[in-house]
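Chain and residue survey
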Amino acid sequence: QVQLVESGGGLVQTGGSLRLSCATSGRTVGNYAMGWFRQAPGKEREFVAAVSWNGGSTDYADSVKGRCIISRDNNARNTQYLQMNSLTPEDTAVYYCVATNRVIPAQTMGSYIYWGQGTQVTVSS
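What you are looking at is a predicted structure, and each value in this text was computed from that prediction instead of being measured.

A separate point is the overall build of the chain. Tallying secondary structure elements over the chain gives 0 helices and 11 strands in all. Scanning the chain from its N terminus toward the C terminus, one meets helices and strands in the order β-β-β-β-β-β-β-β-β-β-β. For 125 residues, the compact-globule estimate of 2.2 N^0.38 gives 14 Å, and the chain sits close to it at 13 Å. Considered along the principal axes of its C-alpha atoms, the chain spans approximately 40 × 25 × 25 Å.

It is worth spelling out the environment of Asn74 at this point. Considering the arrangement of structural elements, one finds Asn74 in the loop between strand E7 (68-73) and strand E8 (79-84). In this structure Asn74 comes out as partly exposed when scored by relative accessible area, which is 30%. The sequence separation of Asn74 and Thr28 amounts to 46 residues, and the corresponding C-alpha distance is 9.6 Å. Filtering out sequence-adjacent residues up to four positions away, Asn74 remains in contact with Gly30, Trp53 and Asn54. Within the structure, the side chain of Asn74 is placed 2.8 Å from the backbone oxygen of Trp53, a separation counted as a polar contact. Looking at Asn74, its side chain comes within polar contact range of the side chain of Asn78, at 3.2 Å.

The strand order E1-E3-E8-E7 describes an open sheet built from 4 strands, whose pairing is antiparallel. The sheet is open, and its two edges are formed by strand E1 (2-7) and E7, each paired on a single side. If you compare each strand with its neighbour and ignore which way they point, the axes differ by 15° on average. Pairing analysis gives 6 bridges linking E7 to E8, with the strands arranged antiparallel. Counterpart to Arg72 in the pairing with E8 is Gln80.

Our next topic: the pairing of E7. Only one face of E7 is buried: it carries Cys68, Ile70 and Arg72, and the other face, with Ile69, Ser71 and Asp73, is open. With antiparallel pairing between neighbouring strands as the criterion, E7 and E8 make up a hairpin whose turn holds 5 residues, including Arg77 at a positive phi of roughly 50°.

A few words now on unusual backbone geometry. The residue Ser86 is not glycine, and still its phi comes out positive at about 50°. Along the chain, Ser86 turns up in the loop between E8 and strand E9 (93-99). Among the residues examined, Ser86 registers a relative accessible area of 40% and is labelled partly exposed.

Turning our attention to the pattern of salt bridges. The full count for this structure, using the stated rule, is 4 salt bridges. Across the pair Glu46 and Arg38 runs a salt bridge whose closest N-O atoms are separated by 2.6 Å. A relative accessible area of 35% places Glu46 in the partly exposed class. Note on Arg38: relative accessible area 6%, which makes it buried. In this structure, the salt-bridge partner of Arg67 is Asp91, at a minimum N-O distance of 2.8 Å.

Bringing the nonpolar core into the picture now. One finds Leu4, Met34, Trp36, Leu82, Met84 and Tyr95 to be the most contacted residues of the largest nonpolar core, which totals 35 residues. Look past the residues within four positions of Leu4 in its chain and what remains in contact with it is Cys22, Ala23, Thr24, Met34, Cys97, Val98, Ala99, Tyr114, Trp115, Gly116 and Gln117.

Criteria and thresholds
Residues numbered from 1 in each chain as written. Predicted model: local features only at pLDDT ≥ 70, side-chain atom pairs only at ≥ 80, totals over all residues. Heavy atoms only, no water. Helix = DSSP H or I, 4+ residues; strand = E, 2+ residues; numbered from the N terminus. Rg over C-alpha atoms; globule rule 2.2 N^0.38 Å. Buried < 20%, exposed > 50% of the residue type's maximum accessible area, 1.4 Å probe, protein only. Contact = heavy atoms within 4.5 Å. Polar contact = N/O pair within 3.5 Å; in protein donor to acceptor, adjacent residues only side chain to side chain. Pairing = 2+ DSSP bridges. Axes fitted to C-alpha atoms, helices over the stretch in contact; angles between N-to-C directions. Salt bridge = Lys/Arg side-chain N within 4 Å of Asp/Glu carboxyl O. Core = buried A, V, L, I, M, F, W, Y, C linked by side-chain atoms within 4.5 Å.

Written out as structure tokens, the structure is:
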């Protein structure tokens, strides 16, 4: 079993930055792709970003491309990060860390079998 724990969420003003982290425990996810989804109030959960098992390949939603950077450190218990810049109120959501048993990233929720509990990101105008 794999446990994913997010941290780094909070309240930030428009234009600000946040860095989300996701620590893993239990079974190693070193060979798994990881990623982030988010869900805003009243909206469906959506893909944000994903990274391959070795960090060599990344994928981003169009809404965050150029503003966010996903990375991972397989030497630090497969911790992954999401650096978010130039935040706007539209980025307000609960952000979920995810992991799949595949090596390449994917944009579909069904591809991910492990989910964290989520961390709240609120961007004030």
